[in-house]
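This is what each chain is made of:
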Amino acid sequence: MLLNWTVMILYNYFSAMFVGPGYVPLGWTPEKSQDCMYLQYCKVCQSYKAPRSHHCRKCNRCVMKMDHHCPWINNCCGYQNHASFTLFLLLAPLGCIHASFIFVMTMYTQLYNRISFGWSSVKIDMSAAKRDPRPIIPFGLSAFAASLFALGLALGTTIAVGMLFIIQMKVILTNKTSIESWIEEKAKDRIQYYQTGETFIFPYDMGSKWKNFKQVFTWSGIPEGDGLDWPVRDGCHQYSLTIEQLKQKADKRVRSVRYRAIEDYSGVCCPLTKGVKTFFTTPCTEEPRIALSKGDLILATRGLKHWMYGEKILDSGADGGIRERGWFPRKCVEKCQYDSETDQPVDGEKKNR
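Residues numbered from 1 in each chain as written. Predicted model: local features only at pLDDT ≥ 70, side-chain atom pairs only at ≥ 80, totals over all residues. Heavy atoms only, no water.

**Thoughts on the overall build of the protein chain**
Short version of the rule: Runs of E in the DSSP output that reach at least two residues are strands. Runs of H or I that reach at least four are helices, and both are numbered from the N terminus. Relative accessibility thresholds used throughout: buried, under 20% of the residue-type maximum; exposed, over 50%; partly exposed, between the two (1.4 Å probe, protein chains only). Note on contacts: a residue pair qualifies if any of its non-hydrogen atoms lie within 4.5 Å across the two residues.
For the protein chain, the count of helices and strands is eight helices and 13 strands. The buried share of the protein chain, taken over its 353 residues, is 40%. Considering only contacts in the protein chain between residues 6 or more positions apart, those separated by 24 or more positions represent 62%.

Set out below in structure tokens:
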């Protein structure tokens, strides 16, 4: 049984790793040229981003139905390997639960035959079991320590990977990805902030958990569709989600605040020279850090108490259109006199937009 678990776990693990998520073809454009106005353009891939696709900095490609980039499979989780990745998250805890049961029963039966109870103490004799015949495999102190260590690993894996499985199933049963769940949350915040009165309906939710489940899991193992065109629920536009993304992108530009670097920053993850608080509160994320030189201009879009995230303003045509975005220490910059990418919009004007 343990061998069966191992084979199934490794099969799905390597499938998720080597099959990959599926990438948007380089230079891709929609069939109807007028639909380009609803899509974002990727300067790196030199193509439009298909619905539900996102550009991955690690893979350096636009990934179809991207959920996240997983360092454990050294690949993205997306359209083609979402089912294999989720099955791996299910089978790994089940195999670890089975292994944990074996470890617990082994230690219990072996220790039970070695424990002697006295009036004032309990003694454990690890030299030999008090029974005949002798066990085929000796169970000494080293075997007990190895079993205890393996039990800890199995239980830790069960909890950690099991929680990831629950998170993945929640988004699959609503036919979303982790990124799309975040986009939906930002859509609600944008509507509430500007009080537009509009309602955002996620277009890819089929209205049934079983139908959403079948969008990812099929008997053939090949997901439905081609990863570029997706069925939408009644009353929704094919590009409802991409239109919302464009609105959020425009809103980010309006809300962005311009800063000027007053100190140099090398771009290290945990800078020792920027203060103890900055060192210990570094953002726990895979997002990059950007190096700053005194005088650089940065558009900040979000921030923490001691860190900020933004994009460095480069000269037009520099670096072939590559954008430098990442985290930097708050103490290295100061706010410019005007507080947005446009000249001097006041708060009332921002809210009306």
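**A look at the side chain of Asp67**
Rules: Counted as positive: Lys and Arg. Counted as negative: Asp and Glu, with His and the chain ends omitted from the count. Only one rule defines a salt bridge in this text: a Lys or Arg side-chain nitrogen within 4 Å of an Asp or Glu carboxyl oxygen. Pairs of N or O atoms within 3.5 Å make up the polar contacts considered here, provided that, within protein, one atom can donate a hydrogen while the other can accept it, and that residues adjacent in sequence are counted only when both atoms are side-chain atoms.
Inspection of the secondary structure puts Asp67 in the loop between β4 (61-63) and β5 (68-70). There is no salt bridge for the buried Asp67, and the closest opposite charge comes from Lys65, which lies 7.8 Å off by N-O distance. From its side chain, Asp67 meets the backbone nitrogen of Ser178 in a polar contact 2.9 Å long.

**Side note on the sheet that holds strand β13 (residues 333-335)**
Basically, it comes down to this: In short, DSSP must find at least two bridges between two strands for them to pair. Axis geometry follows a simple rule: fit a line to the C-alpha atoms, using only the stretch in contact for helices, then measure angles between N-to-C directions, giving values from 0 to 180 degrees.
Strand order across the open sheet formed by five strands is β12-β11-β10-β9-β13, with antiparallel pairing between neighbours. Whereas interior strands pair on both sides, the edge strands pair on one side only; in this sheet they are β12 (325-329) and β13. Mean inter-strand twist for the sheet, computed between neighbouring axes without regard to direction, equals 45°. Where strand β9 (residues 257-261) meets β13, three bridges bridge the pair, whose relative direction is antiparallel.

**Details of helix α6 (residues 240-255)**
Defined as follows: Multiply 1.5 Å by the residue count of a helix minus one, and that product is the helix's expected span.
Its 16 residues give α6 an end-to-end C-alpha distance of 23 Å, which sits within 8% of 22 Å, the value for a rise of 1.5 Å per residue. Among all positions in α6, only Ser240, Leu241, Thr242, Glu244, Gln245, Gln248, Asp251 and Val254 are buried.

**Some thoughts on a positive patch on the surface**
Short version of the rule: Patches were defined on residues exceeding 30% relative accessible area and lacking a salt bridge, with like-charge contacts within 9 Å and nonpolar side-chain contacts (Val, Leu, Ile, Met, Phe, Trp, Tyr) within 5 Å. Throughout, the Shrake-Rupley method with a 1.4 Å probe supplies accessible areas, and for residues the shown protein chains are the sole cover considered. Working definition for charges: the position is that of NZ of Lys, CZ of Arg, CG of Asp or CD of Glu.
Together, Lys43, Arg57, Lys249, Lys252, Arg253 and Arg325 line one region of the surface with positive charge. When residues of the positive patch are assigned to their parent elements, the largest contribution, three residues, is made by α6. One can find Arg325 in strand β12. A residue is classified by how much of its surface remains accessible, and Arg325, at 32% relative accessible area, is partly exposed.

**Details of the confidence of the model for the protein chain**
Rule in force here: The quantity called pLDDT is the predictor's confidence in a given residue, expressed from 0 to 100.
Looking at the protein chain as a whole, its pLDDT mean stands at 84, while 86% of the residues score no less than 70. Scored below 50 in pLDDT, residues 340-353 shows 25 contacts in the model against residues more than four places distant or in partner chains.

**With respect to the pattern of salt bridges**
Taken as a whole and assessed by the stated rule, the structure comprises ten salt bridges. Across the pair Glu198 and Arg190 runs a salt bridge, and its minimum N-O distance is 3.3 Å. The partner of Glu324 in a salt bridge is Lys312, and the shortest N-O contact between them spans 3.3 Å. Highlighted residues: Glu324 in the loop between β11 (307-312) and β12 and Lys312 in strand β11, separated in sequence by twelve residues. In this structure Glu324 comes out as partly exposed when scored by relative accessible area, which is 27%. Accessibility expressed as a relative area gives 13% for Lys312, which makes it buried. Among the ionic contacts, a cluster of salt bridges with common partners joins Arg190, Glu198, Glu244 and Lys247.

**Some points on the side chain of Ser53**
Assignment of secondary structure puts Ser53 in the loop between β2 (47-48) and β3 (54-56). For Ser53, the side chain forms a polar contact with the main-chain oxygen of Ala50, separated by 2.5 Å. With residues near it in sequence (within four places) discarded, Ser53 still touches Val24, Val63, Met64 and Lys65.

**Looking at the packing of aromatic side chains**
Selection criterion: Under the pairing criterion, centres of Phe, Tyr and Trp rings, with the six-membered ring standing for Trp, must be within 6.5 Å; the plane angle then separates stacked pairs below 30 degrees from edge-to-face pairs above 60, leaving the rest tilted.
Inspection of the entire model under this criterion finds 13 aromatic pairs. Measuring from ring centre to ring centre gives 5.3 Å for Tyr13 and Phe14, while their planes differ by 75°; the resulting arrangement is edge-to-face. When its relative accessible area of 37% is taken as the criterion, Phe14 is described as partly exposed. Both rings, one in Tyr41 and one in Tyr48, keep their centres 5.1 Å apart while their planes meet at 75°; by these two values the pair is edge-to-face.

**Quick word on the packing of helix α4 (residues 178-194) against α6**
Filter applied, for reference: By the definition adopted for this analysis, an angle is roughly parallel if under 35 degrees, roughly antiparallel if over 145, roughly perpendicular if from 65 to 115, and oblique otherwise. For a crossing to be left-handed, the near helix must be turned anticlockwise from the far one by less than a right angle; the clockwise case is right-handed. Gly falls in the polar group here, along with every residue not listed as nonpolar (Ala, Val, Leu, Ile, Met, Phe, Trp, Tyr, Cys, Pro) or charged (Asp, Glu, Lys, Arg).
Across the interface, α4 lies against α6 with an axial gap of 10 Å and an inter-helix angle of 60°. Relative to α6, the element α4 is oriented oblique. Along this stretch, α4 crosses α6, giving a crossing that reads as left-handed. Judged by residue contacts, Glu180, Ile183, Lys186, Ala187, Arg190, Tyr193 and Tyr194 of α4 engage Leu241, Glu244, Gln245, Lys247, Gln248, Asp251, Val254 and Arg255 from α6. Of the residues in the contact of α4 with α6, the class split is six nonpolar, two polar and seven charged.

**Details of the nonpolar core**
How we decide: Take the buried Ala, Val, Leu, Ile, Met, Phe, Trp, Tyr and Cys residues and link them wherever side-chain atoms come within 4.5 Å; each set so joined is a nonpolar core.
The biggest cluster of nonpolar side chains holds 18 residues, and the ones touching the most others in it are Val24, Trp28 and Leu228. Among all residues touching Val24, those that are not within four sequence positions of it are Tyr48, Ala50, Ser53, Arg61, Cys62, Met64 and Leu228. One finds Tyr259, Met308, Trp327 and Phe328 within the second-largest nonpolar core, a separate group that totals 15 residues.

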